[in-house]
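This is what each chain is made of:
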Amino acid sequence: VQLQASGGGLVQAGGSLRLSCVVSGTIFSANHMGWYRQAPGNQRELVARVTVSGSINYADSVKGRFTISRDNARNTVYLQMNSLKPEDTAIYYCNAKQHALFGNGDYWGQGTLVTVSS
């Protein structure tokens with residue numbers, strides 16, 4: 001299973017970025033998809049998650065600014081990030097977790113760096 005994340009970069013505060021994660025080697029629609037992030041010195045934390053049924057939840061810190069979406073036809077999950085803040089600076093990781101009916105797979109991508117300058 002491979003998760004290929006892209007779209008990170010350097011952006012000024014208030015700007016926007018769109019992250020993408022293409023998944024291969026597993027049935028994409030059978031996986032809950034999530035974006036996590038890890039800043040230096042911090043633990044990895046959940047940013048946003050979309051389940052196989054389309055239910056979505058966000059970290060409180062990104063509500064109203066970030067939007068997660070999935071395209072099952074393209075095996076891709078997106079994270080639209082608006083109104084970025086310096087505290088959003090982190091490595092962002094894509095995660096695929098199989099629905100329990102299909103298995104117990106838990107897969108991670110390589111991460112993409114987002115840097116927000118003040």
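Details of the structure are given in the entry above.
Attention in this report is confined to the structure presented alongside it.

Parameters at a glance
Residues numbered from 1 in each chain as written. Predicted model: local features only at pLDDT ≥ 70, side-chain atom pairs only at ≥ 80, totals over all residues. Heavy atoms only, no water. Buried < 20%, exposed > 50% of the residue type's maximum accessible area, 1.4 Å probe, protein only. Helix = DSSP H or I, 4+ residues; strand = E, 2+ residues; numbered from the N terminus. Pairing = 2+ DSSP bridges. Contact = heavy atoms within 4.5 Å. Polar contact = N/O pair within 3.5 Å; in protein donor to acceptor, adjacent residues only side chain to side chain. Phe/Tyr/Trp six-rings, centres within 6.5 Å; stacked < 30°, edge-to-face > 60°. Lys NZ or Arg CZ within 6 Å of the ring centre and 35° of its normal.

1. With respect to the pairing of strand β4 (residues 31–38)
Within β4, seven of the eight residues are buried, leaving the element largely enclosed by the surrounding structure. The antiparallel hairpin formed by β4 and strand β5 (residues 45–50) contains six residues in its connecting segment, where G41 sits at a positive phi of about 80 degrees.

2. So, the environment of L84
Along the chain, L84 falls in the loop between β8 (76–81) and β9 (90–98). Expressed as a C-alpha distance, the spacing of L84 and W35, which sit 49 residues apart in the sequence, is 16 Å. When near neighbours in sequence (up to four residues on either side) are disregarded, L84 contacts V11, A13, G14, G15, S16, L17, R65, F66 and V116.

3. Some remarks on the side chain of S20
With respect to the helices and strands, the residue S20 is situated in strand β3 (residues 17–24). Every residue in contact with S20, bar those within four places of it in the chain, is listed here: Q4, A5, S6, W35, T76, V77 and Y78.

4. Things to note about unusual backbone geometry
The backbone phi angle of N75 is positive, close to 55 degrees, even though this residue is not glycine. As for its placement among the helices and strands, N75 is situated in the loop between β7 (66–71) and β8. Judged by relative accessible area, N75 falls into the partly exposed class, the value being 27%. The residue S83 is not glycine, and still its phi comes out positive at about 50 degrees. Relative to the helices and strands, S83 resides in the loop between β8 and β9. Note on S83: relative accessible area 40%, which makes it partly exposed.

5. Notes on the pairing of strand β11 (residues 112–117)
Every second residue of β11 is oriented toward a common face, the buried set being T112, V114 and V116 and the non-buried set L113, T115 and S117. Sheet analysis places strand β2 (residues 9–12) next to β11, joined by four bridges and oriented parallel. Looking across to β11, one finds that V11 is bridged to V116.

6. Overview of the environment of Q38
Summarising the element assignment, Q38 is placed in strand β4. A relative accessible area of 27% places Q38 in the partly exposed class. Ignoring anything within four residues of it in the chain, the contact list for Q38 reads Q43, R44, A90, I91 and Y93. Among the polar contacts listed, one links the side chain of Q38 to the backbone oxygen of N42, at a separation of 3.1 Å.

7. Some details on the packing of aromatic side chains
One pass over the structure, following the stated rule, counts one aromatic pair. Between Y36 and W108 the ring centres are 4.9 Å apart and the planes differ by 65 degrees, which places this aromatic pair in the edge-to-face class. Of the two residues, Y36 sits in strand β4 while W108 sits in strand β10 (residues 106–108), which places them 72 residues apart along the sequence. Taking the ring centre of Y78 as reference, the NZ or CZ of R18 above it sits at 4.0 Å. The lysine or arginine in question, R44, covers the ring of Y93, its NZ or CZ lying 3.8 Å from the ring centre.

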